[in-house]
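# Residue-level structural notes
Read off the chains here:
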Amino acid sequence: MKAILEARNLVKKYGDFTAVNGISFVIQEGEIFGLLGPNGAGKTTTISMLSTLFVPTSGEAIIGGHSVTQEAMAVRNLIGIVPQDLALYDDLTARENLSFWGQMYGLSGKALNTRIDEVLEQIDLTDKAKDRVKTYSGGMKRRVNIGVGLLHKPHLLFMDEPTVGIDPQSRRAILDSVKDLNKQGMTVLYTTHYMEEAAELSDRVAIMDHGQLIALGTQAELTKQVGEMETLILHVGENDDPGRLAAALRTLKMVRRADVTDHTVTVIVPEAEEALAPAVTKANELGIKIHSVDMREPNLEAVFLHLTGRALRD
Amino acid sequence: MKKLFLIGFKDLRLVFRDRTALMFMLLAPFLLTLGLGFVTGAYGSHGSSGISQISVLLVNQDNGQLGQALVDLFQSPDLADLVDPVLSADPATARAQIDANAGVAAVIIPAGFTDNIIPPDNLAPAGNVMKIEIYKNPLSPVSAGVIQSIVEEFTSRVETGRVGGQVIVTQLLAAGLITPDQVSAIASEMGTRQASAGDKSPAIALQAAQSGQAQKAFNAMAYMAPGMALMFLMFTVSNGGRSILLEQLRGTLPRLLVSPTNSAQVLIGKIFGVYVSGVIQMFILILTCSLLFGLQWGKPLGMLVLVLVAVFAATGWGMLITALARTPGQVSSIGTAVMLTFGILGGTFIQTSLMPGWFQVVSKITPNAWGLDGFIILGMGGSLTDLGKPLSGLTVMGVVLFVVSIFIFSRSSFARK
């Protein structure tokens, strides 16, 4: 496989604040590359630099052999973008939106119309194509937003949190369409703060936190970092102190670490099922009521917790 | 170039789908013009005059030909329908009558007016300039403006003749065809001929343009309609500018900027959309007023060029407001304030010539004032060649505003960050 994108030590600063702090990675042609991190990790800033919207403070990125800083126009011809926030004209219909954006990417005439029909079918909006976008539901708008990004068949598609704020059904449809696009040969850089999405879609995942890349690899490679450990998540009552419970659990031999987020205690253990009874006993001793319990096998959430000491949703 | 048009026409489509914007662009100026039409009775029948039989008091203290020529002009059959002149003995009486609302304006021709311009034999021209006083009734600003226009046209012709005479005499002298002793006598003779010729020539451009045709009546709507159109043009251009910041807010501007389109194309495309919206608005209003009120806007070519250049200057203001504002809301509020201020300053409600000198100077920062000047020239029968001053003013204004706005834009919204 050949690299379609190579980011080299990218930095973006705003005054004293460093949004992206020297990240480097390579994306191979044909893969889905997941960029996973909590809100504010620097994912959108990274995409903005890679898509030529922002100029890096330092560092460089090469896309399809072209520099994002020196050959912005050549890069723009190769990429498509699905921004996190909807970027559509509400008073135009879906077809008119697609037509406008298609023409901005150089499509015209019959080729444009054929492509619009294909995309409308792909996003399942053929029947609603003549309705103004402002009459659409949030999920339908998201689908048009994606349609605009892939209209010109880009070599590399940037998708920045495309499922934020939509219903589960639309979310499922979007994830399936990303897989379909990839099957058709499109390379995708997909940013998300949902561990499940990154896990389901990505061939490789880069985990970002505070502007830095803290891990990169396949899901299997990353989960190896936390060994064969499982995760036990205990949800406690609002009036209880999860910090006291975490401290008590750390005294148990089987517990590798215990961290607190809001009213949740996340415990890393070799066997979650075995750890459950001692954990509940400790809670009872402290008079803390456990509302619910989750048990998870090694996953990206655990990796993030392992690397940062915080849950991904923080 | 194609992308520029794509962006512009996309914006045009969006504007004409925005009902609120359309109300302000087309309905509001139309209704205001309609309201003013009721007040003046200007559209009672096509071609009828909204203003007629303007009562004017003439005080002629001049014993020369020029003073008499102006009186004759007001009493000429050409102006019989438009003005109702009454001779008055002295300025104080005339002013008192105007104060008592017994007339629209008093035209006071000072003693020695002719001699001031055409010196008698062996006398050098006077250094000071003598002015005809127009004492206006503030309750009749439009009618008083008509009287002022007639007097200004007359004095302009006299001044043209005087300057032309000076040039001729100087050249004759330089060529040795006359001696210095003959200068005074020849100048006096030329002045006398000029005065009597002026008396016989058509009074104002309106009549001059219509000679040989049915007499064209002055229509107050021809002043009000372009005034309103120009004022609401300022709404259109600021609303168009607002769309630039809305694109930023709604994420479509960043999306445009990461498409294979450079920022200059995006900006010029946006400006093009605003400009075309303004032009279409003006032509819809012009067409509507022509059909419903029977308004004559003057020579089509002159009107076309004037509209194109006026919208250019107004768009410049729209862009500057947008470049200086941070949010679409700011553009709306500043744009509305500017629209009303420019409407007042530019003469939409009260003709600027009736206002103090400083006001007239300040009014020139508005495209409304220049545009209205142009429409009045056209309405009075002028053509494209007579529009030099307003067209130059509007062009310079537009160029300066665009340069400043584009400089600001290039450092803000349209710069790669």
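Residues numbered from 1 in each chain as written. Chains lettered and ligands numbered in written order. Predicted model: local features only at pLDDT ≥ 70, side-chain atom pairs only at ≥ 80, totals over all residues. Heavy atoms only, no water.

### What to know about the overall build of chain B
- When helices and strands are tallied, chain B shows 16 helices and four strands.
- In chain B, buried positions account for 50% of the 417 residues.
- For chain B, the proportion of contacts with a sequence separation of at least 24, taken over those separated by at least 6, is 78%. (Helix = DSSP H or I, 4+ residues; strand = E, 2+ residues; numbered from the N terminus. Buried < 20%, exposed > 50% of the residue type's maximum accessible area, 1.4 Å probe, protein only. Contact = heavy atoms within 4.5 Å.)

### Observations concerning the overall build of chain A
- Check the secondary structure of chain A and you find eleven helices and 14 strands.
- A total of 314 residues make up chain A; the buried ones form 54% of that total.
- Summarising the internal contacts of chain A: among those between residues at least 6 apart in sequence, 68% fall at separations of at least 24.
- For chain A, the exposed area adds up to about 13,500 Å²; of that, 47% sits on carbon and sulfur atoms. (Areas by Shrake-Rupley, 256 points an atom, 1.4 Å probe, with all protein chains shown as cover.)

### Considering the interface of chain A and chain B
- In this assembly, 33 residues from chain A lie in contact with 23 residues from chain B.
- Summing the contributions of chain A and of chain B, the shared interface buries around 2,600 Å²; its carbon and sulfur component is 61%.
- Inspection of the chain A/chain B interface yields two salt bridges.
- Here E96 of chain A makes a salt bridge to R17 of chain B, at a shortest N to O gap of 2.7 Å.
- Linking chain A to chain B there are ten residue pairs in polar contact (both at pLDDT 80 or more).
- Looking at the side of chain A that touches chain B, the elements with two or more residues in it are α2 (72-78), β6 (79-82), α3 (94-104) and α5 (138-150) of chain A.
- Looking at the side of chain A that touches chain B, its residues break down into 19 nonpolar, nine polar and five charged. (Buried area = accessible area lost by both parts, 1.4 Å probe. Salt bridge = Lys/Arg side-chain N within 4 Å of Asp/Glu carboxyl O. Polar contact = N/O pair within 3.5 Å; in protein donor to acceptor, adjacent residues only side chain to side chain. Nonpolar A, V, L, I, M, F, W, Y, C, P; charged D, E, K, R; others polar.)

### Remarks on a nonpolar patch on the surface
- Side chains of M23, F24, L27 and L31 of chain B sit close together on the surface and give an oily, nonpolar patch of about 370 Å² of accessible area.
- Mapped onto the elements of the fold, L31 of chain B is located in helix α2 (residues 19-40). (Patch = residues over 30% accessible without salt bridge, like charges linked within 9 Å, V, L, I, M, F, W, Y side chains within 5 Å.)

### Quick notes on α3 of chain A
All names here are of chain A.
- Of all the eleven residues making up α3, ten are buried; the element is thus mostly covered by neighbouring parts of the structure.
- Buried within α3 we find A94, E96, N97, L98, S99, F100, W101, G102, Q103 and M104.
- Downstream of α3 by one or two residues, G106 has phi in the positive range, about 90 degrees.

### Brief notes about unusual backbone geometry
Residue and element names in this part refer to chain A.
- Of note, E161 is a non-glycine position whose phi angle comes to about 45 degrees, a positive value.
- Position of E161 relative to the elements: it lies in the loop between β7 (156-160) and α6 (168-183).
- Exposure remark for E161: the relative accessible area of 3% places this residue in the buried category.

### Digging into the packing of helix α12 (residues 300-324) of chain B against helix α16 (residues 388-410) of chain B
Residues and elements named next belong to chain B.
- Here α12 crosses α16 at 30 degrees, and the two axes come no closer than 8 Å. Taken as axis vectors, α12 and α16 run roughly parallel relative to one another. Between α12 and α16 lies a crossing of left-handed hand.
- Along the lines of polarity and charge, the residues of the contact of α12 with α16 split into 20 nonpolar, six polar and no charged. (Axes fitted to C-alpha atoms, helices over the stretch in contact; angles between N-to-C directions. Parallel < 35°, antiparallel > 145°, perpendicular 65-115°, else oblique. Left-handed = near helix turned anticlockwise from the far one by under 90°.)

### A closer look at the sheet that holds strand β10 (residues 212-217) of chain A
Residues and elements named next belong to chain A.
- The strand order β6-β7-β8-β3-β9-β10 describes an open sheet built from six strands, whose pairing is mixed. Each edge of the open sheet carries a strand with a single partner, namely β6 and β10. Pairs of neighbouring strands in the sheet enclose a mean axial angle of 15 degrees, with direction left out of account.
- Examined bridge by bridge, strand β9 (residues 204-209) and β10 share five bridges and lie antiparallel to one another. Counterpart to I207 in the pairing with β10 is A215.
- Those strands touched by α5 are β6 and β7, and its axis lies near 170 degrees from that of β6.
- This element, helix α11 (residues 300-308), spans β3 (32-36), β9 and β10 of the sheet and lies at about 40 degrees to β9. (Pairing = 2+ DSSP bridges.)

### Section: the confidence of the model for chain B
All names here are of chain B.
- Looking at chain B, the pLDDT average stands at 78 and 79% of residues meet or exceed 70.
- Considering only residues more than four positions removed or in separate chains, one finds that residues 43-49, a stretch of pLDDT under 50, has 14 contacts.
- Counted against residues more than four places away or in other chains, residues 198-217, with its pLDDT under 50, gives 32 contacts.
- Model confidence for the complex is summarised by a pTM of 0.67, with the ipTM given as 0.80. (pLDDT = per-residue confidence, 0-100.)

### A few points about the sheet that holds strand β4 (residues 133-136) of chain B
All names here are of chain B.
- Taken together, four strands build an open sheet; the order of strands is β2-β1-β3-β4 and the sheet is mixed. In this open sheet, the two strands that pair with only one neighbour each are β2 (83-87) and β4. Neighbouring strand axes in the sheet, compared pairwise and without regard to direction, differ in orientation by 25 degrees on average.
- Both strand β1 (residues 54-60) and strand β3 (residues 105-109) contribute to a ladder of five bridges, which runs parallel.

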